[in-house]
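Working through the structure, step by step
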Amino acid sequence: MIIQQIRNKNCSKIWDLLFSAFAFKDPCDVTVQSYEPFMKEAAHDYPENKALFWSGYDALDIVMEYSLRGQRRTSLDRTLMGYSVGFSSFCGSTTDPSGINTTSCPDEWQCGHGKGSTDAFWTMASNYFAEYARGDIKIFLYSNRPGGAVHFKNSHLMLSEIPILTSRDISHVEINLITHIGETPGDMCESESVVKLKQILTKKAIPHNCSENPRDVLHMLCVDHVDDPECIGMTSHSSLYGAILTILPGTVFALVLLLTLSATSTKFPSTLFMTCFMCISVFVSLRIFTQFLFI
């Protein structure tokens, strides 16, 4: 359904609307309203329970890897709106014949919130992204971001996305504080900036929870740090769990067979049943122990 929506879009029209929004204009004269026609044309639905919000460029690499290019989660950059410009900085020119300034553009937030070619674009795109979100959503925050994990000024998350979310459309928000392997955690779930975010969600009557380096994220972070103590413990737990799952079906089958033989055959004495049961128990214990020992 979603792919079909995108296939039905007129790409030439979308580009013309994007170009006309900022080209041949002074960069700081561009506002969110300038991009309204483009956003209406490029916007599309995306799967329920898949929206991934984030804040702070330090979290971007984790967001992109975790989202799996939109297959696991959908972040703004994986929608047609965000994909149209990527993470490039762009602006118009009133003097260049092309209408585009190819040498320099205002710094981020230099023109003010919702103003300037780039900031106005992401402000409007963030509005649309939040408006289309449904169900359970995730928010990724970098715990060691200077100034706190959550910024309340110059933040598209807090100024353009969170205000749009409603309890009618959002059933639950999962806040994930991310700390790279080897770093000391910065902000925690009870840190001031995170608490303020949770208070805002509470006022909106949106259920939420917060976790620090949750297991699904930690697994991903550990791919390049398998020898780190934090990752070794996780690998051990996962391998042990896997070992138990591997031998469990055969063990259950053997025990059921023994019980059946013991109950239906007089030639299968209880002492032999107990001996077999003990052998199976020893085998299971040794299998789990060696799996844990040689990780």
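What comes next is a walk through the structure. (Residues numbered from 1 in each chain as written. Predicted model: local features only at pLDDT ≥ 70, side-chain atom pairs only at ≥ 80, totals over all residues. Heavy atoms only, no water.)

So, on to unusual backbone geometry. Here N154, not a glycine, exhibits a phi torsion of approximately 50°, which is positive. In this fold, N154 is placed in the loop between β2 (135-142) and α7 (156-161). (Helix = DSSP H or I, 4+ residues; strand = E, 2+ residues; numbered from the N terminus.)

This paragraph deals with the sheet that holds strand β4 (residues 208-212). Strand pairing in a sheet takes place through backbone hydrogen bonds and is either antiparallel or parallel in direction. Reading across from one edge, β1-β2-β3-β4 is the order of the 4 strands in this open sheet, with parallel pairing throughout. Edge positions in the sheet fall to β1 (52-55) and β4, since each has one partner strand and no second. Recorded for the sheet is a direction-independent mean angle of 20° between the axes of neighbouring strands. Judged from the 5 bridges that link them, strand β3 (residues 170-178) and β4 form a sheet pairing that is parallel. Residue pairing across strands places L177 opposite E212, the latter belonging to β4. Sheet strands in contact with helix α4 (residues 60-67) are β1, β2 and β3, and its direction is about 165° off that of β1. (Pairing = 2+ DSSP bridges. Axes fitted to C-alpha atoms, helices over the stretch in contact; angles between N-to-C directions. Contact = heavy atoms within 4.5 Å.)

Turning to the pattern of salt bridges, a few remarks are in order. For the coordinates displayed, the defined rule picks out 7 salt bridges. With a shortest N-O distance of 3.5 Å, R168 and D169 are connected by a salt bridge. With relative accessibility at 68%, the residue R168 sits in the exposed group. For D169, a relative accessible area of 19% puts it in the buried group. Close ionic contact of E190 with K198 constitutes a salt bridge, the shortest N to O distance being 3.2 Å. With a relative accessible area of 63%, E190 lands in the exposed category. Among the residues examined, K198 registers a relative accessible area of 15% and is labelled buried. Connected through salt bridges with shared partners, the residues R134, R168 and D169 form a single ionic network. (Salt bridge = Lys/Arg side-chain N within 4 Å of Asp/Glu carboxyl O. Buried < 20%, exposed > 50% of the residue type's maximum accessible area, 1.4 Å probe, protein only.)

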